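Listed below, chain by chain, are the residues.
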Amino acid sequence: MAAYLCPPAVIHGEHAVETSQIVTEVRDRHPHAAWTPRIDGIAASTGIETRRWMLPLEAAVAPGNGGLRAVGIGSAQEALARDGFTQQDVDRVIAALEAIPAPQTVQERTAPAWEAVQSYGERAARGALQIAGLDAADIDCLITSHSTTPALPGLDITLANKLPLRDDVMLLPATQWACIAGTRSLALAADLVAADPDRVVLVVIAEALSTTYQPADDTLESLIVRLLFADTAVAAVVTGRPRRESVLRLDAAWHHTLPGTQDLHRLDTRADGTHFVMDRRGPRAVQETVTAMWEWLRVPHQEDPVSWHPDVLLAHPGGTRVLEYMEQTMPDAWPSGLLDHSRDSYTSGNRGGAAVFDILRRAHDAGQKPGNRAVLYAAAPGLTATALKGEWL
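All residue numbers refer to position in the chain's written sequence, counted from 1. Only residues with pLDDT of at least 70 get local features here, since the model is predicted, and only at 80 or more are side-chain atom pairs given and counted; chain-wide, interface and lining totals rely on the full set of residues. Side-chain metrics in this entry use all non-hydrogen atoms of the structure; hydrogen atoms and water are not considered.

J.: Teacher, can you tell me more about the overall build of the protein here?
T.: Summing up its helical and strand segments, the protein has 14 helices and 14 strands in all. For the protein, the spread of C-alpha atoms along the principal axes amounts to about 85 × 50 × 35 Å. Each of the 393 residues in the protein was classed as buried or not, and the buried ones make up 53%. The contact definition used throughout considers only heavy atoms, calling two residues in contact when any of these lie within 4.5 Å. Across the protein, contacts joining residues at least 24 apart in sequence account for 80% of those joining residues at least 6 apart. Under the convention used here, a 1.4 Å probe and the Shrake-Rupley method define accessible areas, while residue burial counts only the protein chains that appear. On the protein, roughly 17200 Å² of surface is accessible, and the fraction owed to carbon and sulfur atoms is 51%. Side chains of the protein give 34 positive and 48 negative charges; the mean places of these two sets differ by 2 Å. The secondary structure listing takes helices from DSSP runs of H or I that are at least 4 residues long and strands from runs of E that are at least 2 residues long, numbered from the N terminus. Think of it in three bands: with a 1.4 Å probe and only protein chains considered, a residue is buried below 20% of the maximum accessible area for its type, exposed above 50%, and partly exposed in between. When charges are counted, Lys and Arg contribute as positive and Asp and Glu as negative, whereas His and the chain ends are disregarded. Charge positions are represented by NZ for Lys, CZ for Arg, CG for Asp and CD for Glu.

Okay, structure coming up:
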C-alpha cells in the first residue's frame, strides 16, 4: 500500500473569534442558565483562547429575517383589535413582539457558510497543487468532504468547475465523514493509487464548523460546542510514485467502527440550522477505538514489542480528554511528546475533518528526519475511526 503524500495546504478562517467574546455573548443571552456561574472555568478548561472562523461571530448571532414582520404587523394589529385591545395596548404589544429577535433559518445559517466553504476549498486546492508542483490537469481523482454544509451538487462539482479539472476526473464526495475525513480520505487515496500507481489524487476538506453555533441553545453541551469549533480548509496531493515534493509514505491503514454508538455524537438539522449534539458517553466510546488501534499497531511487532514505536502521533480523537487517555495507555517504552503537535492544534480549536491535515502540517513545519515513523489517527461520530502508518521521507 505505498502511497506518497505531499505537504498539505492549510487555510484558516480569516475571522479571529476570542473565547472572551463567546463567553460575553453567551452570558448576556443566558444569564439564568444553570452553568452560567461556571462559564469562565468551563471556557478556560478548553485551553482555547482564539479560534478562526470563515464568517464573523456577528453572523452566527444575528437575528433572522422572520418574526412578526414576516407574518405581517397589520394582521397582528387587526387580531388584537378584534379581541378588544385598545389602540394603546395594541401598539404596546406589537412593540414588545417586534423586540423579540427571530432565529435564523436553515437557509440563513447555511447559505453564507456554503459560499465560504467553496471559496476556502478552492484556495486550499490551489495551494496543494502549487505545493506539489502540479496543475489541475494532472489530477485524476478528487476526494472532498464538508460535513456541516450539506449541498447537492457538493464541493467536488464546485472544484471541478473552478480549478477546472479534466472532464474525465473521478469525483468522490464524502460529505458525512466529518472528523475522520483526514485519515479516511488518505486511506482511500492510498487504495486508489495502489490500484494504479500513475494515478494522482487531490484531497480537499473544507469545514465551517461554526455553523453549529446556536445562540438560543442553553444546554451545557451547546456551550461546549460554541467554545470548541474552528473553521479550516485543507488539501493535499497523494501519488502512487514518489515525487520530489513528497514528504510522507503511507504504508498501512486500519478502520474500526463501534456498533450501537450512532447516537452518541450527531448533527441534527432543525428549523434554525445545524445542531451538533454531544453525549457525555462519547469520550469513553472513542477510547475503545484507541484501545483497538493500539492492538493493530502491536500485533505486527508482538515478538519484540519494543522494536517499533512511532516518532510522531498525529491524532484527532475529538478532544484533549482522549489525548490524555492515549498518553496514559500507549506502551511505556514509547517516547514522550508524541502528541505534541496534536495538542498544539487543539489550542486554536477543533477543526473536525480538517484537523489531521493541520496537525500533519505542524509536524512537517517543525522538521522530521527521513525514516521517522508516523501514525495518523482520527475518530468521528458513528462512532468510527481510521488510522494509518507511514514513514517520513
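J.: Would you explain the pattern of salt bridges in this entry?
T.: Throughout this description, the term salt bridge denotes a Lys or Arg side-chain nitrogen within 4 Å of a carboxyl oxygen of Asp or Glu. If you walk through the whole model with that rule in mind, you get 20 salt bridges. With a closest N to O distance of 2.7 Å, D344 and R362 form a salt bridge. Here the residue D344 occupies a position in helix α13 (residues 340-346), and R362 occupies one in helix α14 (residues 355-366), the gap between them amounting to 18 residues. By sharing partners, the salt bridges in this structure join D344, R351, D358 and R362 into a single network.

J.: Would you mind going over the environment of A271 with me for this structure?
T.: Note on placement: A271 falls in the loop between β10 (266-270) and β11 (273-277). Separated by 71 residues in the primary sequence, A271 and S342 place their C-alpha atoms 35 Å from one another. Once residues lying within four places of it in the same chain are set aside, the contact partners of A271 are Q104, T105 and V106.

J.: Can you help me understand the nonpolar core in this one?
T.: Membership of the largest hydrophobic core comes to 38 residues, with the highest contact counts inside it found for I143, L186, V201, L248, L376 and W392. The biggest single contributor to this core is helix α9 (residues 181-195), with 7 residues. Think of a nonpolar core as a cluster: buried Ala, Val, Leu, Ile, Met, Phe, Trp, Tyr and Cys residues, connected wherever their side-chain atoms sit within 4.5 Å.

J.: What is the right way to look at the packing of aromatic side chains in this model?
T.: Geometry of an aromatic ring pair is reported as the spacing of the ring centres plus the angle between the planes. When two rings of Phe, Tyr or Trp (its six-membered ring) have centres within 6.5 Å they constitute a pair, described as stacked for plane angles under 30 degrees, edge-to-face for angles over 60, and tilted for the intermediate range. According to the stated counting rule, one finds 5 aromatic pairs in the structure shown. Ring centres 6.2 Å apart and planes at 75 degrees place the aromatic pair W308 and W334 in the edge-to-face group. Here W334 lies in the loop between α12 (320-329) and α13 and W308 lies in the loop between α11 (282-298) and β12 (312-316), a separation of 26 residues in the sequence. Every member of this aromatic cluster is reached through a ring pair, and the members are W294, W308 and W334. Note on criteria: charge over ring means Lys NZ or Arg CZ within 6 Å of the ring centre, with the direction from the centre no more than 35 degrees off the ring normal. Positioned above the aromatic ring of W296 is the side chain of K389, whose terminal nitrogen or guanidinium carbon lies 5.6 Å from the ring centre. Over the face of the ring belonging to W308 we find K389, whose NZ or CZ atom lies 5.4 Å from the ring centre.

J.: What's the story with helix α1 (residues 19-29) in this structure? I'm lost.
T.: For an α-helix the count is 3.6 residues per turn, leaving residues at separations of three or four pointing the same way. Every buried residue of α1 is listed here: T19, I22, V23, E25 and V26. The buried residues of α1 all sit within an arc of 165 degrees when viewed along its axis, so they share a single face. Think of the arc as the fan of directions from the helix axis to the C-beta atoms.

J.: What is the right way to read unusual backbone geometry from this model?
T.: Only a minority of non-glycine residues have a phi that is not negative, and only a minority of peptide bonds are not trans. Residue P153 is reached from L152 by a cis peptide bond, and omega for that bond is 0 degrees. For the bond from G382 to L383, the omega torsion is -20 degrees, close enough to zero to count as cis. Tracing the sequence through the fold places L383 in the loop between β13 (373-380) and β14 (384-392). Positive phi is not limited to glycine here, since A178 has a value of about 55 degrees. With respect to the helices and strands, A178 occurs in the loop between β6 (170-173) and α9.

J.: Before we go on, may I ask you to explain helix α8 (residues 155-162) in this structure?
T.: L155, D156, T158, L159 and A160 are the residues of α8 that are buried. Buried residues along α8 sit against α7 (106-132), β5 (141-145), β6 and β7 (200-208).

J.: Just checking my understanding: could you explain the packing of α1 against helix α10 (residues 220-228) for this structure?
T.: Angle between the axes and distance between the axes are the two parameters that describe a pair of packed helices. For helices, the fitted line uses only the C-alpha atoms of the stretch in contact; every axis is such a line through C-alpha atoms, and the angle between N-to-C directions lies from 0 to 180 degrees. For the pair α1 and α10, the least separation of the axes is 10 Å and the interaxial angle reads 150 degrees. Judged by the angle between their axes, α1 and α10 are roughly antiparallel. Here α1 runs over α10; the crossing is right-handed. Here T19, I22 and V26 of α1 lie close against α10, whose contacting residues are L223, R226 and L227. We call Asp, Glu, Lys and Arg charged. Ala, Val, Leu, Ile, Met, Phe, Trp, Tyr, Cys and Pro are nonpolar, and the rest, Gly among them, are polar. Across the contact of α1 with α10, the residue classes tally to 4 nonpolar, 1 polar and 1 charged. Roughly parallel means an angle under 35 degrees; roughly antiparallel means over 145; roughly perpendicular covers 65 to 115; every other angle is labelled oblique. Whether a crossing is left-handed or right-handed is set by the direction in which the near helix is turned from the far one by less than a right angle, anticlockwise for left-handed and clockwise for right-handed.

J.: Explain the environment of V238 here, please?
T.: Take V238: it is sitting in strand β8 (residues 231-239). The exposure class of V238 is buried, given its relative accessible area of 0%. In this structure, the C-alpha to C-alpha distance between V238 and A132, residues 106 residues apart in sequence, is 9.2 Å.

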